[in-house]
Amino acid sequence: MSAQSERELEQALRRNANEDSERSAAAAARRLSARIAAEGLADVSYAPVDSPFGTLLAATTKRGVVRVAFPEEDPDAVLERLASRLSPRVIEAPAPLEPVRRELDEYFAGRRHAFELPLDWTLIGPFAQRVLHATAAIPYGSVLTYGEVAAEAGSPRGSRAAGNALGSNPIPIVIPCHRVLRTGGALGGYGGGLQRKRYLLELEGALPAGLPAT
Amino acid sequence: MSDALPPFQRFLDEHRDPVWRFLVSTVGPAEAEDCFQETFIAALRAYPRLRADARRHNLRAWVLTIAHRKSLDEHRARARRAAPVEDVAAVGAPGGRRRRAETTDAGRDADAGAWRDDALWSAVERLPDRQRSAVVLRYVADLPHREIAAAIGCSEQAARRSLHEGLSKLRKVVSV
């Protein structure tokens, strides 16, 4: 067997690795992800969701929505954290996120005033759960102060701690931490940036448009 | 994040190409889809229990081990389906081979080349299990000998031997 025919054989074998096979592999992987989601084999499903803020990343477990990430959050870091905190069985699949996409669309179009999505509170610590439960109860278009939310959560003096809990809200927009302001009406803080907090409050009619709130 | 398992989606994205190429080459394009799904679903089930030492370097060899076993299952099932008088046509010509020839015809290869490749891949499918996997892991999935050995569950020396024997048989086909 000559060295040349040996090379020809190896080249013929390697020819199977080509662009066609990459496309086929990608398509097979997409069908697989969809099947995994449909058969309930994933512990966490995620998908990009369009919004006026850009592309959000939304993730859900079998319990409910567990994470909504803003566009500037690094998706790899978000997914790694979900993998280590919840389960590494994390799959990209649009179908399980369809209700989230629909309710967010309706909300941003002004047609939805309350989310009906089930939530998964696993990522949220006990104190933050009390704060965010109180926050989730603030009606559309209304606001509370950090102190009021802290009081609702059972810690009347815990407005700073409440602010921290709100700042680390893993499910913003759906849990409306944007409805919590500083005493006196100043916007306070927002994990997604103050412009977005103002945008959401204006959308809900809780803030007169163009008010130079600080 | 040294020891943490990557999200399964990333694991799938990183390893889908070698697994797909391995399966297309060992079981043929028609059966590759089912074997691919079975491989990664088996991987998904076992994934959270993967030990830290297995995680660190060898997720690729691990998933190719599963793909290797699925391809053996497929070949055994094929042998059972085949008529008692098992001839070359029964083993080497599932519908998928023709499909491969058609797609290469439509693509970049000349007719003669496509025909030759077809004969080559039928010959690959007819190799004994370990030789087939060794050849495909080396030249299609581009694995080093150490990982080939890990994937098919033998010593590195045995993997080299299987690879050598497999290539010798294939040479006879392509030199015709």
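Residues numbered from 1 in each chain as written. Chains lettered and ligands numbered in written order. Predicted model: local features only at pLDDT ≥ 70, side-chain atom pairs only at ≥ 80, totals over all residues.

Observations regarding the overall build of chain B
Logical step 1: Tallying secondary structure elements over chain B gives nine helices and zero strands in all.
Logical step 2: When its helices and strands are written in sequence order, chain B yields α-α-α-α-α-α-α-α-α.
Logical step 3: Here chain B, with 176 residues, has 40% of them falling under the buried criterion.
Logical step 4: For chain B, restricting intrachain contacts to residue pairs at least 6 apart in sequence, the fraction spanning at least 24 positions comes to 69%. (Helix = DSSP H or I, 4+ residues; strand = E, 2+ residues; numbered from the N terminus. Buried ≥ 20, exposed ≤ 12 C-beta atoms within 10 Å, placed from the backbone. Contact = placed C-beta atoms within 7 Å.)

Some details on the sheet that holds strand β3 (residues 65-69) of chain A
All names here are of chain A.
Logical step 1: Strand order across the open sheet formed by four strands is β3-β2-β1-β4, with mixed pairing between neighbours. Looking along the sheet, the strands with just one partner apiece sit at the ends: β3 and β4 (90-92). Mean inter-strand twist for the sheet, computed between neighbouring axes without regard to direction, equals 25°.
Logical step 2: Pairing between strand β1 (residues 44-51) and strand β2 (residues 54-60): seven bridges, direction antiparallel. The partner of Ser 51 across the bridge, within β2, is Gly 54. (Pairing = 2+ DSSP bridges. Axes fitted to C-alpha atoms, helices over the stretch in contact; angles between N-to-C directions.)

Section: the nonpolar core
Within soluble globular proteins, side chains that are nonpolar tend to cluster in buried spots.
Logical step 1: Ranked by internal contacts, the top residues of the largest apolar core, which has 94 residues, are Ala 58 of chain A together with Leu 23 and Val 135 of chain B.
Logical step 2: Among the elements that take part in this core, helix α1 (residues 8-27) of chain B stands out by supplying nine residues, more than any other.
Logical step 3: Each of domain 1 (21-108) and domain 2 (126-203) of chain A contributes no fewer than three residues to this core. (Core = buried A, V, L, I, M, F, W, Y, C linked by C-beta atoms within 7 Å. Domains from an automatic or database assignment.)

Quick word on the domain arrangement of chain A
All names here are of chain A.
Logical step 1: Structurally, chain A comprises domain 1 (21-108) and domain 2 (126-203).
Logical step 2: Once you take the C-alpha centre of each, domain 1 and domain 2 turn out to be 26 Å apart.
Logical step 3: Every contact between the two is made by seven residues of domain 1 and, on the other side, seven residues of domain 2.
Logical step 4: Here the side of domain 1 that touches domain 2 gets four residues from one element, more than from any other, and that element is β3.
Logical step 5: Looking at the side of domain 1 that touches domain 2 residue by residue, the classes come out as six nonpolar, no polar and one charged. (Nonpolar A, V, L, I, M, F, W, Y, C, P; charged D, E, K, R; others polar.)

Observations regarding the pairing of β2 of chain A
All names here are of chain A.
Logical step 1: Taking burial as the measure, the seven residues of β2 include five buried ones, the bulk of the element.
Logical step 2: As paired strands, β2 and β3 are joined by four bridges and run antiparallel to one another. Bridge assignment links Thr 60 to a residue of β3, and that residue is Val 65.
Logical step 3: Hairpin connection, β2 to β3: the antiparallel pair is bridged by four residues, and Gly 64 has positive phi, about 160°.

Things to note about the interface of chain A and chain B
Logical step 1: With 35 residues of chain A at the interface, the matching set in chain B holds 34 residues.
Logical step 2: Mapped by element, the contributors of at least two residues to the side of chain A that touches chain B are α1 (3-14), α2 (19-38), α3 (75-85) and β4 of chain A.
Logical step 3: Looking at which element gives the most residues to the side of chain A that touches chain B, the answer is α2 of chain A, with twelve residues.
Logical step 4: Counted by class, the side of chain A that touches chain B contains 18 nonpolar, seven polar and ten charged residues.

A few points about the environment of Leu 201 of chain A
Residues and elements named next belong to chain A.
Logical step 1: With respect to the secondary-structure elements, Leu 201 resides in helix α8 (residues 194-203).
Logical step 2: Here Leu 201 falls in the buried class, since 23 other C-beta atoms lie within 10 Å of it.
Logical step 3: Once the C-alpha coordinates of Leu 201 and Pro 176 are considered, the two residues, 25 residues apart in sequence, prove to be 9.9 Å apart.
Logical step 4: In contact with Leu 201, other than residues within four places in its own chain, are His 178, Ala 206 and Leu 207.

So, unusual backbone geometry
Logical step 1: A positive phi angle, close to 70°, is found at Ile 173 of chain A, a residue other than glycine.
Logical step 2: Counting through the fold element by element, Ile 173 of chain A comes out in the loop between α7 (159-167) and β6 (180-181).
Logical step 3: Overall, Ile 173 of chain A belongs to the buried group, with 22 C-beta atoms counted inside 10 Å.
Logical step 4: Not every positive phi belongs to a glycine, and Asp 142 of chain B is a case in point at roughly 65°.
Logical step 5: Tracing the backbone through its elements, the reader meets Asp 142 of chain B in the loop between α7 (129-139) and α8 (145-152).

Quick word on the environment of Arg 67 of chain A
Logical step 1: Tracing the backbone shows Arg 67 of chain A in strand β3.
Logical step 2: When neighbours within four sequence positions are excluded, Arg 67 of chain A is seen to be in contact with Ala 59, Val 78, Leu 82, Leu 123, Pro 170 and Ile 171 of chain A.

Digging into the packing of α7 of chain B against helix α9 (residues 156-174) of chain B
All names here are of chain B.
Logical step 1: Close contact between α7 and α9 brings their axes to 8 Å; oriented N to C, the two are set at 90°. Compared by their axis directions, α7 and α9 come out roughly perpendicular. Residues Arg 130, Gln 131, Arg 132, Ala 134, Val 135 and Arg 138 of α7 touch α9, and the partners they reach there are Ala 159, Ser 162, Leu 163, Glu 165, Gly 166, Leu 167 and Leu 170.
Logical step 2: Grouping the constituent residues of the contact of α7 with α9 by class yields six nonpolar, three polar and four charged. (Parallel < 35°, antiparallel > 145°, perpendicular 65-115°, else oblique.)

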